[in-house]
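If you want the building blocks of each chain, they are given just below.
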Amino acid sequence: FVEGSSNRMSIGDSTDAPAATLELTNASDGGVPLLQLNSNDTDKIALDINAANIDANVIDITADGLTSGAAINITSTSTSTTAGSVVKIAATGNRGSDSNAVVGLDLDFDSTAGTATRAFRIDSEQTTGIVFELDANQMQSGYAQGLQANALTTGWGLYCLSTSNNLNGAKLAEFVATGNSTDDY
């Protein structure tokens, strides 16, 4: 229904005033996704969001009832070998600050127990190449990578493990500085 006094529209099972300009509501027994987008134009963007937000989230997802699914699940079965990314996050504006932390990707994971719990995990099945690459070639001061574990009482700040019986000259870790610096490193 359309609520003319507020220029808002509700589609689906909602019976109260729309809580947004366009509100979609499905029933708990609807049996279908709330929204499905099918884009068949192969060289056009399927979903384009242009937001003028300054101090509110552009996309806000609350999934408090989640038990075994994922709040966001992105899958690609493409076998194309041309360059591309499954997810790309780019902050191209110069937002550096000495007093305010401007973060490109912020994971705030508040689980406090569970030895099987991970805040960040990469599971790669590739057999060659690089699994994790950190390019900080423009860094002139500060840290390219920082590790803090101030509450650590047992365990390790950094743990490297290989159970391979075939290292054959491979190294579990190597630190190399090839520049002409005369300072200690």
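Residues numbered from 1 in each chain as written. Predicted model: local features only at pLDDT ≥ 70, side-chain atom pairs only at ≥ 80, totals over all residues. Heavy atoms only, no water.

Participant: Sorry if this is basic, but what is going on with unusual backbone geometry here?
Facilitator: Of note, the phi angle at Asn7 is positive, near 55°, even though the residue is not glycine. Note that Asn7 resides in the loop between β1 (2–3) and β2 (8–12). Assessed through its relative accessible area of 64%, Asn7 is described here as exposed. Look at Asn168: it is not a glycine, yet its phi comes out positive at around 45°. With respect to the element layout, Asn168 can be found in the segment after β3 (22–25). (Helix = DSSP H or I, 4+ residues; strand = E, 2+ residues; numbered from the N terminus. Buried < 20%, exposed > 50% of the residue type's maximum accessible area, 1.4 Å probe, protein only.)

Participant: Looking at this structure, how should I read the pattern of salt bridges?
Facilitator: If charged atoms from side chains of opposite charge come close, those side chains can pair. Tallying each qualifying case throughout the model produces two salt bridges. A salt bridge links Arg121 to Asp123; the nearest nitrogen and oxygen atoms lie 3.5 Å apart. Residue Asp123 is classed as exposed on the basis of its relative accessible area, which comes to 51%. Between Lys171 and Glu174 there is a salt bridge, and its shortest N-O distance comes to 3.1 Å. (Salt bridge = Lys/Arg side-chain N within 4 Å of Asp/Glu carboxyl O.)

Participant: Where do I start with the pairing of β2 in this structure?
Facilitator: Note on strand geometry: in a regular strand, side chains alternate between the two faces of the sheet. Across two bridges, the pairing between β1 and β2 is antiparallel. Following the sheet pairing, Val2 is matched in β2 by Met9. (Pairing = 2+ DSSP bridges.)

Participant: What exactly am I supposed to notice about the sheet that holds β2 here?
Facilitator: Working definition: the strands of a sheet are paired by backbone hydrogen bonds and lie parallel or antiparallel to each other. Taken in spatial order, the three strands of this open sheet run β1-β2-β3, and their pairing is mixed. Of all the strands in the sheet, the pair left with one neighbour each is β1 and β3.

Participant: How should the environment of Leu34 be read in this particular structure?
Facilitator: Mapped onto the secondary structure, Leu34 falls in the segment after β3. On the accessibility criterion, Leu34 (47% relative accessible area) is partly exposed. A sequence separation of 128 residues divides Leu34 from Ser162, and the C-alpha atoms of the two residues are 45 Å apart. Contacts of Leu34, omitting those with residues within four sequence positions, involve Leu24, Thr25 and Asn26. (Contact = heavy atoms within 4.5 Å.)

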